[in-house]
Structures are given as C-alpha cells and as structure tokens.
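Close look at the chain arrangement
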Amino acid sequence: MTAAGVTLRVVTGDADFARRLAARFVPHPKPAGEATRRRSEATVRLRGHVATVEREGLVGHVDLARAEITSPPSIPLCDALVLAAVAWRLSERDAFLLHASAATVDGRAVVLFGASGAGKSTAARELGGALSDDMVALRRLPSGWEAAGTPWYIGSGGHAPLGRLVWLVRGEPPSVREVRGGELLRALLREAGRFIPDADFQRRLFDLCADLARVGAIRVAAPEGGVVEAVRGAIA
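Read on for an overview of the structure.

Reading the values: the criteria
Residues numbered from 1 in each chain as written. Predicted model: local features only at pLDDT ≥ 70, side-chain atom pairs only at ≥ 80, totals over all residues. Heavy atoms only, no water. Helix = DSSP H or I, 4+ residues; strand = E, 2+ residues; numbered from the N terminus. Phe/Tyr/Trp six-rings, centres within 6.5 Å; stacked < 30°, edge-to-face > 60°. Buried < 20%, exposed > 50% of the residue type's maximum accessible area, 1.4 Å probe, protein only. Lys NZ or Arg CZ within 6 Å of the ring centre and 35° of its normal. Pairing = 2+ DSSP bridges. Axes fitted to C-alpha atoms, helices over the stretch in contact; angles between N-to-C directions. Core = buried A, V, L, I, M, F, W, Y, C linked by side-chain atoms within 4.5 Å. Contact = heavy atoms within 4.5 Å.

**Looking at unusual backbone geometry**
In this model, aspartate 94 sits at a positive phi of 60 degrees, which is unusual for a non-glycine residue. With respect to the helices, strands and loops of the structure, aspartate 94 is situated in the loop between helix H2 (75–91) and strand S8 (95–105). For aspartate 106, which is not a glycine, the phi torsion comes out positive at approximately 55 degrees. Note that aspartate 106 resides in the loop between S8 and strand S9 (108–113).

**Brief notes about the environment of arginine 125**
The residue arginine 125 is located in helix H3 (residues 120–127) in this model. Separated by 79 residues in the primary sequence, arginine 125 and arginine 204 place their C-alpha atoms 31 Å from one another.

**Focus on the packing of aromatic side chains**
In the structure shown here, the tally under the stated rule is 3 aromatic pairs. Plain terms: the ring middles of tryptophan 88 and phenylalanine 201 are 6.1 Å apart, the flat faces sit at 10 degrees to each other, and that makes the pair stacked. Here tryptophan 88, found in helix H2, pairs with phenylalanine 201, found in helix H5 (residues 199–215); they are 113 residues apart in sequence, far enough to count as distant. Given the relative accessible area of 1%, phenylalanine 201 is considered buried. When the centroid spacing of 6.3 Å and the interplanar angle of 85 degrees are considered together, the rings of phenylalanine 96 and tryptophan 145 count as edge-to-face. One end of the pair, phenylalanine 96, is in strand S8; the other, tryptophan 145, is in strand S12 (residues 144–148), with 49 residues separating them in the sequence. Overall, the relative accessible area of 9% leaves tryptophan 145 in the buried class. Directly above the ring of tryptophan 88 sits arginine 204, whose terminal nitrogen or CZ lies 4.9 Å from the centroid. Cation over ring: arginine 219 sits above tryptophan 167, and NZ or CZ is 4.8 Å from the ring centre.

**Re the sheet that holds strand S7 (residues 68–70)**
The 5 strands lie next to each other as S3-S7-S6-S5-S4, forming an open sheet whose pairing is mixed. Every other strand in the sheet has two partners, leaving strand S3 (9–11) and strand S4 (43–47) as the edge strands with one partner each. The sheet shows a mean angle of 20 degrees between the axes of neighbouring strands, direction not considered. As judged from the 5 bridges shared by S4 and strand S5 (residues 50–55), these two strands associate in the antiparallel manner. By the bridge assignment, valine 44 is partnered in S5 with valine 53.

**Section: the pairing of strand S11 (residues 135–141)**
Sheet faces and side chains relate simply in a regular strand, where the side chains alternate between the two faces. Of all 7 residues in S11, 5 are buried; the element is thus mostly enclosed. When S8 meets S11, the two strands line up antiparallel, connected through 5 bridges. Bridged to alanine 95 within S11 is arginine 139. With antiparallel pairing between neighbouring strands as the criterion, S11 and S12 make up a hairpin whose turn holds 2 residues.

**Side note on the nonpolar core**
Ranked by internal contacts, the top residues of the largest apolar core, which has 66 residues, are Val86, Phe96, Val111, Phe113, Leu138 and Leu188. Of all the elements, H2 adds the most residues to this core, at 13 residues. When sequence neighbours within four positions are dropped, the list of residues in contact with leucine 188 reads Leu98, Phe113, Leu165, Cys209, Leu212 and Ala213. Counting residues in each nonpolar core, the second largest holds 17 residues, with Ala118, Val166, Leu168 and Val231 among its members.

Next up, the structure:
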C-alpha cells in the first residue's frame, strides 16, 4: 500500500483487513464517511530500527528500515503505524509532516498551520483547490519548497510549489505580520509530526523546520468568524 507517496508493506493475518486498510489510504479523496482520522494518541517506543506502537490497548510494529508494518486488524492502530512509517521515510527524503491544511491558489500552495480550532480547514476549503485537510507533507527541493496532500483527513494526491506559509493564531487582537527565524521555528516544531522518539529523526526534523523558518510566514490573528477574509487579505 501507499500513503503520502511512501510505499509500505503491511503484514497482517487478515486478508480482508489488509484490503480495507489499502483502500483507506488510496485513492484520494476519501468517500464521505471514510476520512482517515487521527483518533486517540499513540505511544511509540523505538528499539534499533523497529518502532513499537501502542494504541487503544493494542500493539503493532514498524520496521523502519524495511518500511514494513505488522499489526493486528485494528484501523486506529494501523493509522498510528502508518503515520510513524511515513514520517520516518519522509524525513529521509528531505520532507516532513506538518499539522496544517493546504490549498492551491494560482498554481501554488497556500499552507495554513496552527493549533486545532484556528480555522485552517475552513480557510483552505474557501480558498479552493484543497490539497489536504489536517496533515501536509512539505518537501525541501533545490528549487524551493513543495507542499503535497496526504490521507489525513481528506486530501488530494496532488502537490504544488509552496507559495505562502500562513500561521493562524487565535485568542489575540486581529493582526497580520511577517514572521521568520526563531519565533516561526518554535511554532513549526509545535505542529510538526514528531512521531518517532529517535535522535536522528528529531535532528532531521529540526533542520527542515529551521530551513523553512528562514523562508518566513505570515502570522494571522483573525477576528471571530473572520479567518477566511483575514487569510485572503494576507495572501493578496
């Protein structure tokens, strides 16, 4: 199966479950009611190149070197296993997962990140050409950054050059300003997919976030009910 451009092998004793799992991640987008939702938090432990993931009382394993998942027939557990495997593989390809929504505007990606409830999904839908609803893959290329859709929650299989990075905040008086450097790096690290407790993985993730922080973002604090208009104004 493939998720977010990463090919994975799933080992399970249930052939029907394996088919359901593959259908869960491709193609994009999901049919109504089949969105890939990240439910309860998972516990991840790493020993050598094998990550052990526990979720909702069940345990599965990811061989990070072989991109192989071993799991009982549990969709919530496999969601966590796939996230861990994808995050690891992407980090080896100069890419990482960011808790964000994204849309294409004039052929370029507008990526909106921030805490839950900040209005990311709403703004992305209204901008049109949605790439991803909750998790965006950002890849560093020689020509710049690229944003790609993922299966979390509902996303397209498309990608586009990064046009604008927008940091959405709430609970502040309305404001719009450019931000980069340390302030932006700290915000990116809070929302980056830090799924693997491994020093090398964390260093790769930090390096990628630091590089993106040098590119800069627009920090938008929108009035209640006004996030779409605030974003449109900020990226105009």
